[in-house]
Amino acid sequence: MKIMVAIKRVVDYAVKIRVKPDKTGVETTNVKMSMNPFCEIALEEALRIRESGRASEVVAVSMGPQQCVDTLRTGLAMGADRGIHVETKETLYPLSVAKLLRALVEVEKPQILILGKQAIDDDCNQTGQMLAGLLNWPQGTFASKVVLDKEKQEVTVDREVDGGLETLCLDLPAVITTDLRLNQPRYATLPNIMKAKSKVIKKYTPKELNVEIKSDLQIIQVTEPPKRKSGVMVSSVDELIDKLKNEARVI
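As the structure is a prediction and not an experimental result, all values here were calculated from the model.

Rules of the game
Residues numbered from 1 in each chain as written. Predicted model: local features only at pLDDT ≥ 70, side-chain atom pairs only at ≥ 80, totals over all residues. Heavy atoms only, no water. Pairing = 2+ DSSP bridges. Helix = DSSP H or I, 4+ residues; strand = E, 2+ residues; numbered from the N terminus. Axes fitted to C-alpha atoms, helices over the stretch in contact; angles between N-to-C directions. Polar contact = N/O pair within 3.5 Å; in protein donor to acceptor, adjacent residues only side chain to side chain. Buried < 20%, exposed > 50% of the residue type's maximum accessible area, 1.4 Å probe, protein only. Arc of directions from axis to C-beta. Contact = heavy atoms within 4.5 Å.

So, the sheet that holds strand β9 (residues 164-171): which residues are in play, and what are the values?
Backbone hydrogen bonds are what pair the strands of a sheet, in a parallel or an antiparallel way. Spatially, the nine strands line up as an open sheet ordered β9-β8-β7-β10-β6-β1-β4-β5-β11, and their pairing is mixed. A single partner strand is all that each edge strand has here, and the edge strands are β9 and β11 (201-204). Within this sheet the neighbouring strands show an average axis-to-axis angle of 30°, counted without direction. Relative to β9, strand β8 (residues 154-161) runs antiparallel, the two being bridged by eight bridges. Bridging from a neighbouring strand, V161 pairs with G164 of β9.

Here it is in structure tokens:
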């Protein structure tokens, strides 16, 4: 059984985001980049399934410029068997990513495709759902627990919903998107980082996969959230009620 995991290169979660002066996006020049945290969780789950003997291979996939190879090397150092890099300088939106992944599924023939539920740069939370629709595969989104039954060729997914937990049983092949509480990703050890340098990363272009990259979204403007006003000390309950009524207008 083969598992394919999509990983994305994003601005590191600890970096303070700065909007470009022309407000066309966020500043990425000389900014630390890393693997999307939700993608780390997806990769960790795939590795645990392989280590339990229920899968034979984990393939990591990343899309974007040449620098995405660094992110793939991190995934290989965590334990992925090999990597695939779809190289393009075009801006990739969820539908384009889903189409590229569908094309790779036709080449690689995985039984499970695991993605992070969203990327922390755009927070779209759309790729997994779009991919399942394009493939006509069952999907388990926001997974907080994944149990694979290799003999029955099905996977049970506990997913978080507003009212608590929902349990789904999916026939394979299937698409799974991971939530924060699914697992705690491992750190790449130095020996594994060295081994990752010799692991195979296969390159494709969108043209080789017969996928046309089209911009189906237009960014009008990117702005920072308004700064919060500083707190005000009040001397009495009456003053507090007056401010809530006349300034905040919440009562």
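Next comes the rest of the account.
Explain the side chain of T141 residue by residue, including any values.
Looking at where T141 falls in the secondary structure, it is placed in strand β7 (residues 139-149). Reaching out from T141, the side chain makes a polar contact with the side chain of R159 at a distance of 2.8 Å.

Could you give me a rundown of helix α4 (residues 127-135), with the residues and numbers involved?
Among the residues making up α4, those that are buried are T127, G128, L131, A132 and L135. Here the buried residues of α4 occupy an arc of 130° about the axis, which is enough to place them on one side. Those residues of α4 hidden inside the fold are in contact with α3 (94-108), β6 (112-116), β7 and β10 (174-178). N136 sits one or two positions beyond α4 and adopts a positive phi of about 60°.

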